[in-house]
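Working through the structure, step by step
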Amino acid sequence: MIQFNIPRNSFSQATKGETGRAGETLAVKFLEQKGFRLIKRNHRIRGGELDLIMENDDIMIFVEVKTRTTANFGEPEDSLTPVQTRKIIRAILHWLGENPAKKPWRCDLVGIRFVSPLRANIKHIPNILLI
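A brief structural summary. (Residues numbered from 1 in each chain as written. Predicted model: local features only at pLDDT ≥ 70, side-chain atom pairs only at ≥ 80, totals over all residues. Heavy atoms only, no water.)

**A look at the pairing of strand β4 (residues 59-68)**
Most of β4 is tucked away, with 8 of its 10 residues classed as buried. In this structure, the hairpin formed by strand β3 (residues 48-56) and β4 is closed by a connection of 2 residues, where Asp57 is found at a positive phi of approximately 55°. Relative to strand β5 (residues 105-116), β4 is paired through 9 bridges, and the arrangement is parallel. Bridge pairing in β5 places Lys66 opposite Gly111. (Buried < 20%, exposed > 50% of the residue type's maximum accessible area, 1.4 Å probe, protein only. Helix = DSSP H or I, 4+ residues; strand = E, 2+ residues; numbered from the N terminus. Pairing = 2+ DSSP bridges.)

**Some remarks on a nonpolar patch on the surface**
Residues Ile89, Leu93, Trp105 and Leu129 make up a contiguous nonpolar surface patch of roughly 340 Å² in combined accessible area. Tracing the backbone through its elements, the reader meets Trp105 in strand β5. Note on Trp105: relative accessible area 36%, which makes it partly exposed. (Patch = residues over 30% accessible without salt bridge, like charges linked within 9 Å, V, L, I, M, F, W, Y side chains within 5 Å. Areas by Shrake-Rupley, 256 points an atom, 1.4 Å probe, with all protein chains shown as cover. Salt bridge = Lys/Arg side-chain N within 4 Å of Asp/Glu carboxyl O.)

**Concerning the pairing of strand β2 (residues 37-45)**
Alignment of β2 against β3, held across 7 bridges, turns out to be antiparallel. The residue of β3 that forms the bridge with Arg41 is Leu52. The loop that links β2 with its antiparallel partner β3 comprises 2 residues; one of these, Gly47, has a positive phi angle of about 90°.

**Here's the deal with the environment of Ala22**
With respect to the helices and strands, Ala22 occurs in helix α1 (residues 16-33). Taking the C-alpha atoms as reference points, Ala22 and Ile112, 90 residues apart in sequence, are found 9.8 Å from one another.

**Description of the environment of Arg44**
Along the chain, Arg44 falls in strand β2. Remark: the alpha-carbon pair of Arg44 and His94, spanning 50 residues in sequence, is separated by 9.8 Å.

**With respect to helix α2 (residues 82-98)**
The first and last C-alpha atoms of α2 sit 25 Å apart over 17 residues, in line with the 24 Å expected at 1.5 Å per residue. Among all positions of α2, only Ile88, Ala91, Ile92, Trp95 and Leu96 are buried. The buried residues of α2 all sit within an arc of 135° when viewed along its axis, so they share a single face. Structural note: α2 exposes Pro82, Arg86, Leu93, Gly97 and Glu98 on the side pointing more than 90 degrees away from its buried face. The elements touched by buried residues of α2 are β2, β3, β4 and β5. (Expected span 1.5 Å × (residues − 1). Arc of directions from axis to C-beta. Contact = heavy atoms within 4.5 Å.)

From the geometry alone we can't say anything about function, so treat these as descriptive.
The structure is reproduced here in structure tokens:
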């Protein structure tokens with residue numbers, strides 16, 4: 001887990017959607033610093049969504065982002081349910097059906113917990129479908 005400084009205002013009054021969007025934006029910046037390249041954000045289908053679709057080297061990476069503002073309900077990465085996992089898989093298969101992959105792919109999770117208005121803890125977990 002690493003800490004990341006955030007050039008944004010306080011999230012104490014943010015709605016769930018605003019917090020999620022802020023987390024996704026932070027995840028993109030974090031992953032881009034690791035050499036990833038953003039392909040698409042918020043790919044929605046009926047019954048599912050892919051938060052981020054990225055590339056790194058020759059791998060297509062589907063990224064689920066979980067964001068929290070407190071630790072009251074556990075860490076963000078612990079909140080992925082089996083139902084959500086099935087929806088992610090459905091969305092991945094839909095994407096691959098429309099965009100046949102010419103390279104290997106995987107699904108990662110980025111957990112973000114805002115610890116203050118200007119700092120967040122970020123945890124990147126590769127290959128969550130293999131766990």
